[in-house]
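Structure assessment
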Amino acid sequence: MEKMIKKRIDQVKEKGHQRLTVLLIPHGFDKSFHFQISIFTIFFLVGLLFSIVGIAVLGIVKYNNTRIQINALASVYGKYFDEYIEYSEKLDDIRDDFTNLTENLQEIHSLVDGQSEELLKLPDESDIENIAFTELKSEETADKDLMLGRSYLSEIYGYRSVRVSMEKNRNLADSVYDFLDSRYGIMNALPFGEPLTSYNLTSYYGMRRSPTFGYMEFHDGVDLANVPNTPIYATGDGRVYRAIHSPRGYGNHVVIQHANGYYSLYGHCTRLLVKEGDVVYKGQLIATLGATGNVTGPHVHYEVWIGESNRTDPMDYMKVSIGQY
């Protein structure tokens, strides 16, 4: 068996080494050219030719596919290129604005006696950049659409750093907000502001001549005149202490009990829109202006008390405004 295989191989080698003579006779020339070439050489040259042609065809196909991908990417990037340039230019402005915001928050935090622990929780700038870098690298690894060896644009890292910084400053912002919100709630519960959106001040707090009887008397509040049925609003959060319908004195009137021992009174109303025990809020409609009780014209008699017996000048509280109705 081995002898037969060896014999076959020898026969192939013998035929492969056989030489062929190639004769070339140029047209119009008397002299001819000839050369000899083996069969192995012919097969080698033919194989080399087919290899070159195959590689060329494969290269053309790959080139066309690459060109198609490039055109597709160019189309996509072309749509967002203007926006990319715009946001890139705004990044520095955003960084500056956030830095100013952080500095302002820290100043407010110190002015309102905020807890220093909140400031100690704020990370350094280098820590923020490291956190943003780690997050984005993790996302790049998981992003299947991102080409191998590519990474996000530098502006993406910049925006992520700002976002991380915002998140890390949340405790500071929350601390300032909680303080201001609690203080605002306290201020809102006091009778600061005006019971009417517009009025004519016809009588001040203090000694005056009585418009009905003519003798001197002490006026416990201020009289704010307007047309009948003008809305009257609560000047602070509280609970209705009294809601009385009467043809004498203050006439139809409402007394609201506020925080810290404050009271406010609204007299000579036409209609009362709340009842005793109701919880009311600053700016809530509680009555309408009228001329009930001892009056000479339509107005609201407004008083502010500290406790149930200590009347104060309402103008000192009406000049303070912490919100709009």
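Right, let's walk through the structure included here.

The rules we used
- Residues numbered from 1 in each chain as written.
- Predicted model: local features only at pLDDT ≥ 70, side-chain atom pairs only at ≥ 80, totals over all residues.
- Heavy atoms only, no water.
- Helix = DSSP H or I, 4+ residues; strand = E, 2+ residues; numbered from the N terminus.
- Buried < 20%, exposed > 50% of the residue type's maximum accessible area, 1.4 Å probe, protein only.
- Contact = heavy atoms within 4.5 Å.
- Areas by Shrake-Rupley, 256 points an atom, 1.4 Å probe, with all protein chains shown as cover.
- Phe/Tyr/Trp six-rings, centres within 6.5 Å; stacked < 30°, edge-to-face > 60°.
- Lys NZ or Arg CZ within 6 Å of the ring centre and 35° of its normal.
- Core = buried A, V, L, I, M, F, W, Y, C linked by side-chain atoms within 4.5 Å.
- 1 Å grid on protein atoms, 1.4 Å probe; cavity = no way out; pocket = protein on both sides within 12 Å on 5 of 7 lines; lining within 4 Å.
- Points joined across faces, edges and corners; volume = space filled by probe spheres on them.
- Salt bridge = Lys/Arg side-chain N within 4 Å of Asp/Glu carboxyl O.

**Quick word on the overall build of the protein chain**
The helix and strand tally for the protein chain stands at 7 helices and 14 strands. A burial count over the protein chain gives 29% of its 325 residues as buried. When contacts within the protein chain are restricted to residue pairs at least 6 apart in sequence, those whose partners lie at least 24 apart make up 60%. When the accessible surface of the protein chain is summed, it comes to about 22000 Å², and 57% of that surface belongs to carbon and sulfur atoms.

**Some thoughts on the packing of aromatic side chains**
Evaluation of the coordinates by the stated rule reveals 6 aromatic pairs. Summarising the aromatic geometry, the rings of tyrosine 241 and tyrosine 263 are spaced 5.2 Å apart at their centres and angled 65° between planes, so their arrangement reads as edge-to-face. Placement of tyrosine 241 in strand S8 (residues 238-244) and of tyrosine 263 in strand S10 (residues 262-272) is noted, with a sequence separation of 22 residues between them. In this structure tyrosine 241 comes out as partly exposed when scored by relative accessible area, which is 26%. Note on tyrosine 263: relative accessible area 7%, which makes it buried. Relative to tryptophan 305, the ring of tyrosine 263 lies with its centre 5.7 Å away and its plane at 35°, an arrangement referred to as tilted. Taken together, the residues span a long stretch of sequence, with tyrosine 263 in strand S10 and tryptophan 305 in strand S13 (residues 299-306) at a distance of 42 residues. Clustering of aromatic rings is evident, with ring pairs tying together Phe192, Tyr262 and Tyr317. When the ring centre of tryptophan 305 is taken as reference, the NZ or CZ atom of arginine 311 above it lies at 4.0 Å.

**Some points on the nonpolar core**
Within soluble globular proteins, side chains that are nonpolar generally end up buried alongside one another. Core analysis: the biggest nonpolar cluster contains 25 residues, and Ile232, Val254, Ile256, Tyr266, Val280, Ile286 and Val300 have the highest contact counts within it. Counting residues per element, the ones that place at least two in this core are strand S6 (222-225), strand S9 (252-257), S10, strand S12 (285-289), S13 and helix H7 (315-318). The element that contributes the greatest number of residues to this core is S10, accounting for 4 residues.

**Notes on unusual backbone geometry**
In this model, asparagine 229 sits at a positive phi of 70°, which is unusual for a non-glycine residue. With respect to the element layout, asparagine 229 can be found in the loop between S6 and strand S7 (231-233). With relative accessibility at 46%, the residue asparagine 229 sits in the partly exposed group. With phi around 60°, asparagine 260 is a residue other than glycine that occupies positive phi space.

**Looking at the layout of surface pockets**
Its volume calculated, the second largest pocket comes out at about 450 Å³. Forming the boundary of the second largest pocket are 25 residues, of which Arg208, Glu217, His219, His268 and Asn294 lie nearest the centre. Listing elements by their share of the lining of the second largest pocket, those giving two or more residues are strand S3 (200-203), strand S5 (216-219), S6 and S13.

**What about the pattern of salt bridges?**
Within the structure shown, the criterion is met by 4 salt bridges. Note that aspartate 223 is salt-bridged to arginine 208, the shortest N-O span being 3.3 Å. Of this pair, aspartate 223 sits in strand S6 while arginine 208 is found in strand S4 (residues 206-209), placing the two residues 15 residues apart along the sequence. For the salt bridge of glutamate 303 with arginine 311, the shortest nitrogen-to-oxygen distance reads 3.5 Å. Look at glutamate 303 and you get buried, because its relative accessible area is 0%. Given a relative accessible area of 23%, arginine 311 falls into the partly exposed group. Each of the salt bridges in this network shares a partner with another, and the network as a whole consists of Arg208, Glu217 and Asp223.

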